[in-house]
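Coordinate analysis (summary)
Single-letter residue listing:
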Amino acid sequence: MDPTTVESKWVAPTTEDGSMDRRGNPAVRAATGRWVSAILLLANYGLVTCAFFGVGVNLVVFLRRVLHQDNAEAANNISKWTGTVYIFSLIGAFLSDSYWGRYVTCAIFQIIYVTGLVILSLASWFLLVKPSGCGGVNARCDEPSAPGVALFYLSTYMIAFGNGGYQPSIATFGSDQFDETDPTEARSKVAFFSYFYLALNVGSLFSNTVLVYYEDSGRWVMGFWVSAAAAALALVLFLLGTPKYRHFKPSGNPLTRIAQVFVAAFRKWHAEVPREVLLHEVEGEDPKVSGIRKILHSNEIRFLDKAATVTEEEYGAPEKMKDPWRLCTVTQVEEVKCILKMLPIWLCTIVYSVVFTQMASLFVEQGATMDTNIGSFHFPAASMSLFDILSVLAFIAIYRRVLVPVMARLSGNPQGLTELQRMGVGLVIGMAAMVVAGVVEVERLRRVAAPDQPSSLSVLWQVPQYALIGASEVFMYVGQLEFFNGQAPDGVKSFGSALCMASISLGNYVSIMLVSAVTSLTAGERRPGWIPGNLNSGHLDRFYFLLAALSLVDLAVYIACAVWYKGIKLDGGGERRKAPAHV
């Protein structure tokens, strides 16, 4: 045979997970995706995070010094804003999974994000930071103008919308660059989520040190412009990688498919569910949805199996067999089951998010009432989050290099701990952080010489509580990303990542309600309450201990939910979907 004939028939190996290149052709394994694309997306995410924290980490101080809000009002406004950031992630996930795809969703929301940062920088420059350089430790700003405040809230919520819509899509888009059917790429896909969280913290390192220092001294405008520049550079890097990315087709509105399962199940309320092999499933790819792999039947939530039960009435009417509001496939039913089974686990993560959000509000306010001078150097209270970042970086390395090999030998699981076990460890460490924060507050109050003066206790006493929060993030949030992304069905993949962000969102809203309830119940005519304007006359320690107690209750509920949980399995034995071991 002529060698040139053989050569002409050779076709470059393509991926087997259904991913495509930008032209809609099967993605060539060697020419697309993998770490080349993933590293570009990690750099993009790091810069976006740098921009976000350049605004967010010191925003509570901006509200107090520039907009003249008191402690409780500023803390609640930060919680509202942060919560809104993450609730917008559900919108981004919906558009990504249903219509736009992950690439387009990331690009559009990044443009909104950059625009919001530019408006914030301009509003602060021309309307809010007056006189120039005010808002430092001792420099008081003029009362803000109504147009300035309006532009401030418009821009910050544009930032929230842009960042929130972008986040779940970028996490999933990054993992899309690895074909899980290939053993080597499958291992890289698992590692990606750790590096994704590493990029988040490396990106915020500059913001939490250099930018916070300059903003704390009154250079707010410079800090916001640097953030806008970082976000613009991130968008450019994202677009540069366009030719190499791997893509998945959006699979249509998942809400319709979910509704069809419930409607079909209720219409057959009295139907008897047959044996598993008799439930309805189509041969080959379902023509109604593209790019969704079949899921094997599970025995949980059996009532929904009625939606895939073929009744005698449908046997005799082919048109009824084709009606998705009467008869659904096993895969469609299992999609709904999967979401319902993940919800209890997700709900248990909300209390942890309440704990986590204190780092951006009450931890900063607590630190501001301590001795922030280290020798002749003033250390901004918001910069204490540096120790959270350093803890995250250290524990990611410790976990991957030390704990995984040790636990793999002990448990037989090559990942060391399952995602559910990691999340449980995160809950325990988060609870410990609240206990430590409460003890530090007790010591801070003991060293208050005058009610209107900061405590003599050094702000460095906060290092352990920040470090514990950082350690808990490595276990909780990285575990969450792996769990929800790995367990989410193909048609709602970005929704799985959005659940992590929505957990943080609801945690912020719960924090608002909790702070408001505690303030209302503990304050009176002669009682300043636990969280007054002047923390020296309050009992912030009791609030921290309350959060620790709530975390303990939440941990007990979480363990019960994790033991009950059973993961889904793909038809064909997809390793990624094997049920994770119980906690």
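Now for a look at the structure at hand. Just so it is clear, the model here is predicted, and its values are computed rather than measured. (Residues numbered from 1 in each chain as written. Predicted model: local features only at pLDDT ≥ 70, side-chain atom pairs only at ≥ 80, totals over all residues. Heavy atoms only, no water.)

**Considering the state of the cysteines**
In the structure shown here, the tally under the stated rule is one disulfide. The residue that forms a disulfide with Cys134 is Cys141, at a sulfur-sulfur distance of 1.9 Å. Judged by the sign of its S-S torsion, about 95 degrees, the cystine formed by Cys134 and Cys141 is right-handed. On the basis of relative accessibility, which here comes to 4%, the residue Cys141 falls in the buried class. No disulfide involves Cys328; its nearest neighbouring cysteine sulfur is the one of Cys338, lying 16 Å away. (Disulfide = S-S within 2.5 Å. Buried < 20%, exposed > 50% of the residue type's maximum accessible area, 1.4 Å probe, protein only.)

**Here's the deal with the packing of helix α2 (residues 34–56) against helix α7 (residues 183–216)**
At their nearest, the axes of α2 and α7 sit 7 Å apart, and the two run at 30 degrees to each other. Here α2 lies roughly parallel to α7, going by the angle between them. Between α2 and α7 lies a crossing whose hand is right-handed. Looking at the contact of α2 with α7 residue by residue, the classes come out as 13 nonpolar, eight polar and three charged. (Axes fitted to C-alpha atoms, helices over the stretch in contact; angles between N-to-C directions. Helix = DSSP H or I, 4+ residues; strand = E, 2+ residues; numbered from the N terminus. Parallel < 35°, antiparallel > 145°, perpendicular 65-115°, else oblique. Left-handed = near helix turned anticlockwise from the far one by under 90°. Nonpolar A, V, L, I, M, F, W, Y, C, P; charged D, E, K, R; others polar.)

**Side note on the side chain of Arg29**
Tracing the sequence through the fold places Arg29 in the loop between α1 (3–9) and α2. Classification of Arg29 by relative accessible area gives buried; the value is 17%. Leave out the neighbours within four places in its chain, and Arg29 touches Pro13, Thr14, Thr15, Glu16, Arg34, Asp179, Asp182, Glu185 and Arg246. (Contact = heavy atoms within 4.5 Å.)

**Some words on the pattern of salt bridges**
Counted under the stated rule, the structure contains 16 salt bridges. As a salt-bridge pair, Glu335 and Arg257 come within 3.3 Å of each other at their nearest N and O atoms. Of this pair, Glu335 sits in helix α12 (residues 330–348) while Arg257 sits in helix α9 (residues 254–267), placing them 78 residues apart in sequence. Both residues of the pair, Glu335 and Arg257, count as buried. Put simply, Lys341 and Glu300 hold a salt bridge, and the shortest N to O gap is 3.3 Å. On the criterion of sequence distance, the pair formed by Lys341 in helix α12 and Glu300 in the loop between α9 and α10 (312–315) is long-range, its members being 41 residues apart. Among the residues examined, Lys341 registers a relative accessible area of 0% and is labelled buried. (Salt bridge = Lys/Arg side-chain N within 4 Å of Asp/Glu carboxyl O.)

**Some details on empty space enclosed by the protein**
If you walk through the whole model with that rule in mind, you get four cavities of 30 Å³ or more. Each pocket or cavity is described by its volume, and for the largest cavity that value is around 570 Å³. Lining the largest cavity are 34 residues, with Phe52, Phe53, Tyr86, Leu200 and Phe356 sitting closest to its centre. The set of elements that each furnish at least two residues to the lining of the largest cavity consists of α2, α4 (71–100), α7, α13 (350–357), α15 (385–411), α17 (463–487) and α18 (493–522). The biggest single contributor to the lining of the largest cavity is α7, with six residues. Taken together, the residues of the lining of the largest cavity break down into 22 nonpolar, 10 polar and two charged. Looking at the lining of the largest cavity, you find at least three residues from each of domain 1 (13–250) and domain 3 (337–569). For the second largest cavity, the calculated volume is near 60 Å³. Leu59, Leu63, Asn77, Ile78, Trp81, Phe152, Tyr153, Thr156 and Tyr157 together form the lining of the second largest cavity. Where the lining of the second largest cavity is concerned, the elements lending two or more residues are α3 (59–65), α4 and α6 (146–175). At four residues, α6 tops the list of elements feeding residues into the lining of the second largest cavity. (1 Å grid on protein atoms, 1.4 Å probe; cavity = no way out; pocket = protein on both sides within 12 Å on 5 of 7 lines; lining within 4 Å. Points joined across faces, edges and corners; volume = space filled by probe spheres on them. Domains from an automatic or database assignment.)

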